[in-house]
Amino acid sequence: MPTTTRDGTTLQYRTDGEGETVAFVPDIGVGPWFWGWQHAGLAGPFETLTWAMRGTDGSDPPAGPLSVATLANDLDAVLADHGTDSVHLVGSGLGAMVALHYARNSGRVRKLALLAGTATGDAYDPAPLFADPADPDACRETLSMALSAEFRAAQPDVLDGIAEWRAGEDADEESWESQRAALDGFDAGPLYEIDHPTLVVVPGADELLDPAAGRRLAEDLPRGETVAYPDAGHFVGIERSRPVNDALLGFLEHED
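Residues numbered from 1 in each chain as written. Predicted model: local features only at pLDDT ≥ 70, side-chain atom pairs only at ≥ 80, totals over all residues. Heavy atoms only, no water.

1. Observations regarding the overall build of the protein
Then, in step 1: Within the protein, the regular secondary structure consists of 10 helices and 8 strands.
Then, in step 2: Along the first, second and third principal axes, the C-alpha atoms of the protein reach 45 × 45 × 40 Å.
Then, in step 3: Out of the 256 residues in the protein, the part that is buried amounts to 56%.
Then, in step 4: Put simply, 75% of the contacts in the protein that link residues at least 6 apart link residues at least 24 apart.
Then, in step 5: When the accessible surface of the protein is summed, it comes to about 10200 Å², and 44% of that surface belongs to carbon and sulfur atoms.
Then, in step 6: Looking at the protein, you have 16 positive and 44 negative side-chain charges, and the mean spots of the two groups are 4 Å apart. (Helix = DSSP H or I, 4+ residues; strand = E, 2+ residues; numbered from the N terminus. Buried < 20%, exposed > 50% of the residue type's maximum accessible area, 1.4 Å probe, protein only. Contact = heavy atoms within 4.5 Å. Areas by Shrake-Rupley, 256 points an atom, 1.4 Å probe, with all protein chains shown as cover. Lys, Arg positive; Asp, Glu negative; His and termini not counted. Charge placed at Lys NZ, Arg CZ, Asp CG, Glu CD.)

The following block contains the structure:
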């Protein structure tokens, strides 16, 4: 897998497909497995880039508390290493905040898609998501806070697979807490200044982030639009992968 180094930290990423680049920015503590559903759906018409945040998969652990700005700079280093001058960003949870910050401060971004997103860190409480990667039972059990009861009952094999991927790629407690620190005091700033076309995906049964925060985000962005899944949990891209992928493809392929 390709790697680049920023501030002495090795960052790992991978790309697949050809065409315009879509870079995926993960939620707190999760490895690149998190985007497996969207990667599979978009890697045909687009080049997909998945990146391991510090402390996950093959990227070095953080040396201390992180900020959204630091994570956005890591993303910039990955895109620069790959030679990407123009990119669509898809972010979830913490990754949605990183995408918003990066869009404000970089000229590379064309479109944004924000899953379970919010403009402020205090609107998101991810603590129930953490599981020690060395504890396979916890890796499975904490999914009850990220996926709806309906999905968990219907897809037990998927939960087993996710638990295995989490054990192999997710952040340990120290790295997870370093990533969580990025939420403290984060504010995306005046949203009217972020005029990129933006799709906000709102999971209506999110137990970690108030769905109203996602709706406000779309309302406050000059070119924001909302697609909602009333019964989906926080990991909406997994739980509603097919309709979410259809929405992403339609949004990204549409000529503005």
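Structure's up, so let's keep going.
2. Side note on the sheet that holds strand β4 (residues 47-51)
Then, in step 1: Read across the open sheet, the 8 strands follow the order β1-β2-β4-β3-β5-β6-β7-β8; overall the sheet is mixed. Each of the sheet's edge strands pairs with one partner strand only, and the pair in question is β1 (3-6) and β8 (224-229). Here the strands of the sheet are splayed against their neighbours by 20 degrees on average, with no regard to which way each runs.
Then, in step 2: Pairing analysis gives 4 bridges linking strand β3 (residues 21-25) to β4, with the strands arranged parallel. Directly across from valine 22, in β4, lies its bridge partner threonine 48.
Then, in step 3: Contacts between helix α3 (residues 94-105) and the sheet are confined to β3, β5 (87-92) and β6 (109-115), with β6 contributing the most and set at about 155 degrees to the helix. (Pairing = 2+ DSSP bridges. Axes fitted to C-alpha atoms, helices over the stretch in contact; angles between N-to-C directions.)

3. Quick look at the environment of glycine 91
Then, in step 1: With respect to the element layout, glycine 91 can be found in strand β5.
Then, in step 2: Between the alpha carbons of glycine 91 and proline 2 there is a distance of 21 Å; along the sequence they are 89 residues apart.
Then, in step 3: Discounting chain neighbours no more than four positions away, the residues touching glycine 91 are Val25, Trp35, Ala96, Ala113, Leu114 and Leu115.

4. Structural notes on the environment of alanine 63
Then, in step 1: With respect to the secondary-structure elements, alanine 63 resides in the loop between β4 and α2 (68-82).
Then, in step 2: Since its relative accessible area comes to 87%, alanine 63 is described here as exposed.
Then, in step 3: Remark: the alpha-carbon pair of alanine 63 and serine 178, spanning 115 residues in sequence, is separated by 8.2 Å.

5. A short note on the nonpolar core
Then, in step 1: Counting residues in hydrophobic clusters, the biggest one holds 77 residues, and the most contacted among them are Trp51, Leu89, Leu94, Leu112 and Phe235.
Then, in step 2: It is α3 that contributes the most residues to this core, 8 residues altogether.
Then, in step 3: Contact partners of leucine 94, with chain neighbours within four places excluded, come to Pro26, Asp27, Ile28, Met53, Val68, Leu71, Tyr124, Gln179, Ala182 and Leu183. (Core = buried A, V, L, I, M, F, W, Y, C linked by side-chain atoms within 4.5 Å.)

6. Regarding helix α7 (residues 173-180)
Then, in step 1: Buried within α7 we find Ser175, Trp176, Ser178 and Gln179. When α7 is viewed along its axis, its buried side chains cluster within an angular range of 160 degrees and face the same direction. Along α7, the residues that are exposed and aim more than 90 degrees away from the buried face are Glu173 and Glu174.
Then, in step 2: Among the structural elements, α3 are those in contact with the buried residues of α7. (Arc of directions from axis to C-beta.)

7. Overview of the pattern of salt bridges
Then, in step 1: Throughout the structure, instances matching the rule amount to 12 salt bridges.
Then, in step 2: One salt bridge connects arginine 6 with aspartate 74, and the closest N-O pair in it is separated by 2.7 Å. Remark: aspartate 74 occurs in helix α2 and arginine 6 occurs in strand β1; sequence separation between them is 68 residues.
Then, in step 3: Judged by relative accessible area, arginine 6 falls into the buried class, the value being 16%.
Then, in step 4: Given a relative accessible area of 0%, aspartate 74 falls into the buried group. (Salt bridge = Lys/Arg side-chain N within 4 Å of Asp/Glu carboxyl O.)

8. Quick notes on the packing of aromatic side chains
Here the distance between the centres and the angle between the planes together describe a pair of aromatic rings.
Then, in step 1: Following the criterion strictly, the structure yields 7 aromatic pairs and no others.
Then, in step 2: Three or more aromatic residues joined by ring pairs form one cluster here, namely Phe24, Trp33, Phe34, Trp35, Trp37, Trp165 and Phe235.
Then, in step 3: Directly above the aromatic system of phenylalanine 251 lies the positively charged group of lysine 111, at a separation of 5.1 Å from the ring centroid. (Phe/Tyr/Trp six-rings, centres within 6.5 Å; stacked < 30°, edge-to-face > 60°. Lys NZ or Arg CZ within 6 Å of the ring centre and 35° of its normal.)

9. Side note on a negative patch on the surface
Then, in step 1: Together, Asp132, Asp135, Asp137, Glu141, Asp172, Glu173 and Glu174 give the surface a local cluster of negative charge.
Then, in step 2: Of all elements in the fold, only α4 (136-141) and α7 reach the threshold of two or more residues within the negative patch.
Then, in step 3: Relative to the helices and strands, glutamate 141 resides in helix α4. (Patch = residues over 30% accessible without salt bridge, like charges linked within 9 Å, V, L, I, M, F, W, Y side chains within 5 Å.)

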